[in-house]
Amino acid sequence: MTETFYEVLRRQGITRRSFMKFCSLTATSLGLGSAFVPKIAHALENKPRTPVIWLHGLECTCCSESFIRSAHPLTKDVVLSMLSLDYDDTLMAAAGHQAEAIIEEVKKKYKGNYIVAVEGNPPLNEDGMFCIHGGRPFVEVLKETCADAKAIISWGACASYGCVQAAKPNPTRATPVHKVITDKPIVRVPGCPPIAEVMTGVVTYMLTFDKIPELDRQGRPKMFYGQRIHDKCYRRPHFDAGQFVENWDDDAARKGYCLYKMGCKGPTTYNACSSMRWNGGVSWPVQSGHGCIGCSEDGFWDKGSFYDRVTDIKQFAIEGNADKVGGTAAGVVGAAVAAHAAVTALARARSDKQGDNQNSGDKQ
Amino acid sequence: MLSQQDMLEAERHGRQVRSIYVYEAPVRLWHWINALAMVVLAVSGYFIGKPLPTMPGEASDNFLLGYIRFAHFAAAYIFAVGLAGRVYWAFVGNHHSRQIFKLPIFNGHWWSEVFFELRWYLFLEKQPKKYVGHNPMAQLMMFFFFTVLAFGMLCTGFALYGEGLGLGSWADRLFGWVIPMLGGSMQTHSLHRLGMWIMMSFVVVHVYAAIREDIMSRQSLISTMISGWRMFKD
């Protein structure tokens, strides 16, 4: 049986007395009466921690790399105290059949009560043979593991949207998780990778409240993906003032002006980078002088250059953007109108000459 | 039905009466306000996508793009309210006011008139015909390149506006669905800009055709949109 929170706290040297103090303090700060103290204590003593199975599909492990750098809360606390990370083939000590057996065990023991976190996505071409997990196509493992899960977390752009392995022409048919698993609640945490604190934040929320966080239209937690990079960007005043970096080496770049003209995708990207920043708040792309590339948006790898705003629309032409296609159309229409006017004028002048006599006859 | 009615009206009246009242005051007023709003929208929109050169001085002393965006949003509201008013007028106005909202596509005669106008514009017909409202070709163009496109611009525009207002704002609740449907915010921006170019191409054709028909078809077009009366010159 998985340890309860109380057992974990006791193991870490917290006394029963301190534990009870914590419970009464929690009840007080939540505005609950003293009658709730034993209830909170009871819950912490008896509620088993939710087991999490972390699967890896077609991915680069950048999500895991990000996750283990979480500062608030520290990853060690999340992994060792808060959740029961029962299976994660890159982090766990067990290997081979021993490791694979854990999935089966969790599925049986916690049927309908565990969370599956998926990093990467299943490729579907050639019966899924492009990604093999423990000797079997990953897509099969994913479907089996998710069958009895309570909820699924799609880590990163891979699981959420497909990411670079799904870029055109997508030879392996890499497919986002929600298109393979359609009958479970899925939390999408996009980004390449997602911010570490966003990842641990989502996990913490789900464990604390025992429900999935409020999601937006695209299934992303509103609390982290409710605003654009642009909305909280510290360079936003330069955008409104009309002050832009025009070249990577110009004075404006040194002064830290807005990177909009250099193709920053901040205004079209929903993520928490500009408010939470990266690596424990050290920095983030715009702060280090490069525009946002929009890595947490659907199809960012296939939607034109990272270095222009009016960017390519691939459906029209290889190098076609709204201005080139539309401007050309407007130019052609303008030229056609001018030519039409010229022909009209000529035709009219000619018919006037020919029809002078007839016309005068027509009009009584 | 509509165009047939128009044509009969024009042919009958064209000889006897010199003018017919076509565009009622609200339609005319809307036309010019809408035209102005569209000019402001196109120019400000162009500079939102491709901003002007960097402003010198402190950020706190400048608000250039802020003002440009304000102009865009203000004109957009006028455009939207005007369009809503115009839709209302299509219900209560005269039958000409409904022309740009519905096409008599099941009317064979109307289609033959469309092709007549096409031949006329291709210099294959010698004599123009007279119409009281839009000619059928113009009606077809107005429907697709103005009415349909205008609603497209409205939906994408307010969806993008909703991004600034934030999740749960009225614009997000009413139009937020547009963004995932079109494949993301960037894609919506691109299509909105492309729509602007199509609209401006149509404006060129629209103005040209109005001037040309005013001269060639011996009936008033431009002054009709000012006074409301269509004059027949012979």
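Counting restarts for each chain, with residues numbered from 1 along the sequence as it is written. As a convention, the first chain written is A and the first ligand written is 1, with the rest following in written order. Residue-level local features of this predicted model are given only where pLDDT is at least 70; pairs of side-chain atoms are given and counted only at 80 or more, and the full residue set underlies all totals for whole chains, interfaces and linings. Hydrogens and water are ignored here; the side-chain numbers use all heavy atoms of the structure.

Visitor: Help me understand the overall build of chain A, please; the structure alone is not making it clear to me.
Guide: Here a helix means four or more residues in a row that DSSP labels H or I, a strand means two or more in a row labelled E, and each is numbered from the N terminus. If you tally the helices and strands in chain A, you get 15 helices and seven strands. In terms of C-alpha radius of gyration, chain A reaches 29 Å, well past the compact-globule figure of 21 Å for 364 residues. Taken over 364 residues, chain A has a buried fraction of 49%. In chain A, the proportion of contacts linking residues at least 24 apart, taken out of those at least 6 apart, comes to 70%. Distance between charge centres in chain A, computed from 43 positive and 39 negative side chains, equals 6 Å. We take the radius of gyration over the C-alpha atoms and set the globule estimate at 2.2 Å times the residue count to the 0.38 power. Each residue is assigned to one of three classes by its accessible area relative to the maximum for its type, calculated with a 1.4 Å probe on protein chains only: buried under 20%, partly exposed between the two thresholds, exposed over 50%. By the convention used here, residues are in contact when the closest approach between their heavy atoms is within 4.5 Å. Charge convention: Lys and Arg are scored as positive, Asp and Glu as negative, and His as well as the terminal groups of each chain are ignored. All charge positions are set by atom: Lys at NZ, Arg at CZ, Asp at CG, Glu at CD.

Visitor: I would appreciate a short explanation of the domain arrangement of chain A in the present structure.
Guide: Think of interface size as the accessible area that goes away when the parts come together; that is how it is often given. All names here are of chain A. Note that domain bounds follow an automatic or database assignment of domains. Domain assignment breaks chain A into domain 1 (49–213) and domain 2 (230–362). Relative to domain 2, the C-alpha centre of domain 1 lies at a distance of 38 Å. Counting from both sides, the interface comprises 19 residues of domain 1 and, opposite them, 15 residues of domain 2. Buried area is calculated as the accessible area (1.4 Å probe) missing from two parts once they are joined, with the contributions of both summed. The contact between domain 1 and domain 2 buries some 1,200 Å² in all, and 69% of this surface belongs to carbon and sulfur atoms. By salt bridge we mean one thing: a side-chain nitrogen of Lys or Arg within 4 Å of a carboxyl oxygen of Asp or Glu. Joining domain 1 to domain 2, the criterion identifies zero salt bridges. In the analysis that follows, any N or O atom pair within 3.5 Å is treated as a polar contact, provided that within protein one partner can donate a hydrogen and the other can accept it, and provided that, for residues neighboring in sequence, both atoms belong to side chains. Linking domain 1 with domain 2 are one residue pair in polar contact (both at pLDDT 80 or more), by the criterion used here. Tallied by class, the residues present in the side of domain 1 that touches domain 2 amount to 13 nonpolar, three polar and three charged. Note on residue classes: Ala, Val, Leu, Ile, Met, Phe, Trp, Tyr, Cys and Pro are nonpolar, Asp, Glu, Lys and Arg are charged, and everything else, Gly too, is polar.

Visitor: Hey, could you run me through the pattern of salt bridges in this one?
Guide: A side chain of one charge can pair with a side chain of the opposite charge when the charged atoms of the two come close. In this structure the tally under the stated criterion is 22 salt bridges over all chains. Taking the shortest distance from any N to any O, the salt bridge between E297 of chain A and R220 of chain A comes out at 3.3 Å. With a gap of 77 residues between them, E297 of chain A in the loop between α13 (273–276) and α14 (322–354) and R220 of chain A in the loop between α9 (196–209) and α10 (222–225) connect regions that are remote in the sequence. The burial state of E297 of chain A is the same as that of R220 of chain A; both residues are buried. Taking the shortest distance from any N to any O, the salt bridge between D240 of chain A and R69 of chain B comes out at 3.9 Å.

Visitor: Which parts of the structure should I look at to understand helix α3 (residues 36–46) of chain A?
Guide: For an α-helix, the turn length of 3.6 residues means that residues three or four places apart are oriented alike. Residue and element names in this part refer to chain A. Among all positions of α3, only V37, I40, A41 and L44 are buried. Buried residues in α3, looked at end-on, bunch into an arc of 100 degrees, giving them a common side. Those residues of α3 that are buried are in contact with α1 (5–11) and α2 (16–29). In this description, one arc is meant: the one made by directions from the helix axis to the C-beta atoms.

Visitor: Please explain a nonpolar patch on the surface as it appears in this structure.
Guide: Residues and elements named next belong to chain B. The patches reported here contain residues having more than 30% relative accessible area and no salt bridge. Joining distances are 9 Å for like charges and 5 Å for nonpolar side chains (Val, Leu, Ile, Met, Phe, Trp, Tyr). Note on areas: these come from Shrake-Rupley sampling with a 1.4 Å probe, and a residue is covered only by the protein chains present in the view. A contiguous nonpolar surface patch, about 540 Å² in accessible area, is contributed by W32, V207, I211, I215, I222 and I226. Per-element accounting of the nonpolar patch gives the leading share, three residues, to helix α8 (residues 185–216). Here I211 lies in helix α8.

Visitor: Mind showing me how you'd approach the nonpolar core here?
Guide: A general feature of soluble globular proteins is that nonpolar side chains tend to end up buried together. Core analysis: the biggest nonpolar cluster contains 38 residues, and I153, W155, V189, V198 and V202 of chain A have the highest contact counts within it. At the level of elements, β1 (51–56), α4 (62–67), α5 (75–82), β3 (115–119), β6 (151–155), β7 (186–189), α9 and α10 of chain A are the ones that each hand at least two residues to this core. No other element matches the six residues that α9 of chain A contributes to this core. With near-sequence residues (within four places) excluded, V198 of chain A lies in contact with V189, F224, Y225, A272 and M276 of chain A. Counting 28 residues, the second largest nonpolar core, distinct from the first, contains A75, I100, F146 and M199 of chain B. Put simply, a nonpolar core is a bunch of buried Ala, Val, Leu, Ile, Met, Phe, Trp, Tyr and Cys residues held in one set by side-chain atoms that sit within 4.5 Å of each other.

Visitor: For this particular structure, what's the right way to read the interface of chain B and chain A?
Guide: Chain B puts 47 residues into the contact, and the matching count from chain A is 49 residues. Where chain B touches chain A, the interface holds four salt bridges. The tally of links from chain B across to chain A stands at 23 residue pairs in polar contact (both at pLDDT 80 or more). Looking at the side of chain B that touches chain A, the elements that each hand over two or more residues are α2 (25–49), α3 (64–92), α5 (136–165), α6 (170–175) and α8 of chain B. Taken together, the residues that form the side of chain B that touches chain A break down as 24 nonpolar, 14 polar and nine charged.

Visitor: Would you mind showing me how to read the confidence of the model for chain A here?
Guide: Atom-level detail of predicted coordinates should not be read off regions where pLDDT is low. All names here are of chain A. Confidence of the predictor in every single residue is expressed as pLDDT, which spans 0 to 100. Residues of chain A with pLDDT of at least 70 account for 95%, and the chain-wide mean is 88. Per-residue pLDDT, averaged within each element of chain A, yields its smallest value for helix α15 (residues 356–362) (45) and its largest for β7 (96). Counted against residues more than four places away or in other chains, residues 357–364, with its pLDDT under 50, gives one contact.

Visitor: Could you clarify how one ought to interpret the pairing of β7 of chain A in this entry?
Guide: Looking along a regular strand, one sees the side chains alternate between the two faces of the sheet. Residue and element names in this part refer to chain A. Neither face of β7 is left uncovered, since the one carrying I186 and R188 and the one carrying V187 and V189 both have all their residues buried. With four bridges joining them, β6 and β7 adopt parallel strand pairing. Paired with W155 across the strands is V189, a residue of β7. Two strands qualify as a pair provided that DSSP identifies no fewer than 2 bridges between them.

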